[in-house]
Structures are given as C-alpha cells and as structure tokens.
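Architecture and fold: a report
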Amino acid sequence: MSRPAPVAPRIVVTVAVPARQPEPEIAARRNALYATAIARHGGEPVVIDAMTDAASRAEAFAAMDGLLISGGADLHPERYGQPSRGSMTMEPDRDALEHEAWTIAQAKSLPVLGVCRGFQAINAFSGGTLLQHVDGHQGPRWGQGPALIHPLRVAPGTRLARILFPTNARGGVVRVNSYHHQAVRASDLAPGLVASAWASSPAGDLVEGLEAADGRFVFGVQCHPERTESTPPAFERLFGVFVDAARGPADRR
C-alpha cells in the first residue's frame, strides 16, 4: 500500500505591493521568485502584502506553517528606536504586516526565513538595530543589469554552514549577490541571534547571515537566494530545509 503524498506546508510569503513600486511589472516578477522557490521544494506559497484585506490576512496566518519575509523597502527606523539617518523608501504598513506575521510565527514556534529586508526585519523585530546606509553593497536593481557580487564568509559550526556545506561544517566562502544599502553590524545584532555569515564593507565587517541561538528555525540572509542566476546552487538547500522544517515533526505530516 503506497503512502499518501506529504501535505504541502503553507508558507506565508510577505512581499511588496507591486503597484506601489516604480516598475510594477518587474516588482511582480521579483515577488514571484519567492513563491517559485517555495513551490520548487514542495511548499504551498501564500503570498500577502500590505493591501491584503483583513479577512484574507487572518486566514493566511491561521493556516501558516512557516513564514518567509522577503526583500523590499527600508524598515522605518522607528521600528528599532532610531531617527532617520540615511533610510530611503519606507512602507510603514508593510512593517506592521510583517511584525504581525513575525509575532504570530514566534508564538506558534513556526520556521521563519528572512531575505534581504526580511533578514533586517528579523533583527529589528528581535530587538536589534540597523546601520541605515553603507556604501558599496547596492548594485543595479534587479532587472536593470548584472548583480553586484561579493564574497560571503560562512561562519564555521553554524547551522547555515551545515546547510551550505553538508560535508564540511567548517564553513567557507561563497560569492553572493548584493542589493542592499542598509546593514547589520556585530553591534547591531539582536540578543538571541548569532552571526552565521560575514561580508566586508567600508563600514567594517557586516553580518550577512543570522540564526537563532536557541535552535529555533529562524534564519536570515542578506543576499537574494531566490535570484538563482546570481546565487550559488548550494543556497537551494536553504529553501529545501526551510520547507521541510515547515512540515513539522513526522507525527504532524
């Protein structure tokens, strides 16, 4: 007798509102890359944004098995207790949506993955801060030219190292895309989070990977692994492990 097919975990993906972006069609394509990455590994993406109505938002959160916070505009610095000192485009209603999603995911002990802005959001929502501007890490916008690429040093012994280098948890160096002008330094990192990857910058070393110190599935990366044309193939394992974690223990599958 064959086993029933595993139930696809429902991954809430928070994204930018395409109509608000300078190039809505490109923004929609950017959003679709996150959903495609989740579906590629057997998850069911549930995409919401700041314009999603209250009933649909509540339904998504009630059924959520995991949360992916995607890239986009700067977080409002009020979220981490600072005045604006270099922040640019901000979307406070998206900040509120993602803070709500984060709070619910943490209350339910659900897996969370943050990408670029999402990496920064995890840090801010956990009590950390941001460097509001750093030079040298923002290349052409996606769809407008080749990605800026730089080395990423993955810290040995971290869970990210075990995911990216499954036969060598001592870590290593990979080359990743870079689309950000804000950053997290060691001094900005929230309590309860540990740095799993680093990159150099004119402002000193930047944290570009983070994970929860207590073993919760909370991961963030500053790069954009869903943009596969400029991402090492090893990052596919990060999406795969995330979707598997969202399936939950075997007795819940």
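Here, every reference points to the structure presented above.
I will try to describe carefully the structure that is included in this document. In this text the structure is predicted, and so the values were computed from the model without any measurement.

A few points about the overall build of the chain
Secondary structure assignment for the chain yields 6 helices and 9 strands. Out of the 253 residues in the chain, the part that is buried amounts to 53%. Restricting to contacts in the chain with at least 6 residues of sequence separation, those with at least 24 account for 70%. Of the charged side chains in the chain, 25 are positive and 25 negative; the average position of the first set lies 6 Å away from that of the second.

Here's the deal with the pairing of strand 8 (residues 206-212)
Extensive coverage of strand 8 is indicated by the burial of 7 of its 7 residues. Two elements, strand 7 (residues 193-199) and strand 8, share 6 bridges in a ladder whose sense is antiparallel. Residue Leu193 lies in a different strand from strand 8, and its bridge partner there is Ala212. From the end of strand 7 to the start of strand 8, which pair antiparallel, there are 6 residues, and Gly204 there has a positive phi angle of about 100°. With 3 bridges connecting them, strand 8 and strand 9 (residues 218-221) associate as antiparallel partners. By the bridge assignment for strand 9, Gly209 is matched with Val221. Once strand 8 ends, the chain turns through 5 residues before running back antiparallel as strand 9, passing Gly215 with a positive phi of about 95°.

So, the pattern of salt bridges
Throughout the structure, instances matching the rule amount to 14 salt bridges. Here Arg117 makes a salt bridge to Asp95, at a shortest N to O gap of 2.7 Å. Taken together, the positions of Arg117 in helix 4 (residues 117-125) and Asp95 in helix 3 (residues 92-107) put the pair 22 residues apart, joining distant regions of the chain. Arg117 gets classed as buried once you look at its relative accessible area, which sits at 2%. Among the salt bridges present, the one from Asp214 reaches Arg216, with a minimum N-O distance of 2.9 Å. Exposure remark for Asp214: the relative accessible area of 55% places this residue in the exposed category. For Arg216, a relative accessible area of 32% translates into the label partly exposed. Each of the salt bridges in this network shares a partner with another, and the network as a whole consists of Arg94, Asp95, Glu98 and Arg117.

What to know about the packing of aromatic side chains
Tallying each qualifying case throughout the model produces 2 aromatic pairs. Their ring planes at 50° and their centres at 4.6 Å tell us that Phe217 and Phe219 sit as a pair that is tilted. Each member of the pair, Phe217 as well as Phe219, carries the same accessibility label: buried. Clustering of aromatic rings is evident, with ring pairs tying together Phe217, Phe219 and Phe242.

Details of the environment of Leu67
Within the secondary structure, Leu67 sits in strand 3 (residues 66-69). Put simply, Leu67 and Val218 are 151 residues apart on the chain and 9.6 Å apart in space, counted from C-alpha to C-alpha. Once residues lying within four places of it in the same chain are set aside, the contact partners of Leu67 are Ile11, Val12, Thr14, Ala101, Trp102, Ala105, Pro111, Val112, Leu113 and Phe242.

What about unusual backbone geometry?
Positive phi is not limited to glycine here, since Ser109 has a value of about 55°. For Ser109, a relative accessible area of 66% translates into the label exposed. The residue Cys116 is not glycine, and still its phi comes out positive at about 55°. One can find Cys116 in the loop between strand 4 (112-115) and helix 4. Residue classification places Cys116 among the buried positions, given a relative accessible area of 6%.

Reading guide: rules and limits
Residues numbered from 1 in each chain as written. Predicted model: local features only at pLDDT ≥ 70, side-chain atom pairs only at ≥ 80, totals over all residues. Heavy atoms only, no water. Helix = DSSP H or I, 4+ residues; strand = E, 2+ residues; numbered from the N terminus. Buried < 20%, exposed > 50% of the residue type's maximum accessible area, 1.4 Å probe, protein only. Contact = heavy atoms within 4.5 Å. Lys, Arg positive; Asp, Glu negative; His and termini not counted. Charge placed at Lys NZ, Arg CZ, Asp CG, Glu CD. Pairing = 2+ DSSP bridges. Salt bridge = Lys/Arg side-chain N within 4 Å of Asp/Glu carboxyl O. Phe/Tyr/Trp six-rings, centres within 6.5 Å; stacked < 30°, edge-to-face > 60°.

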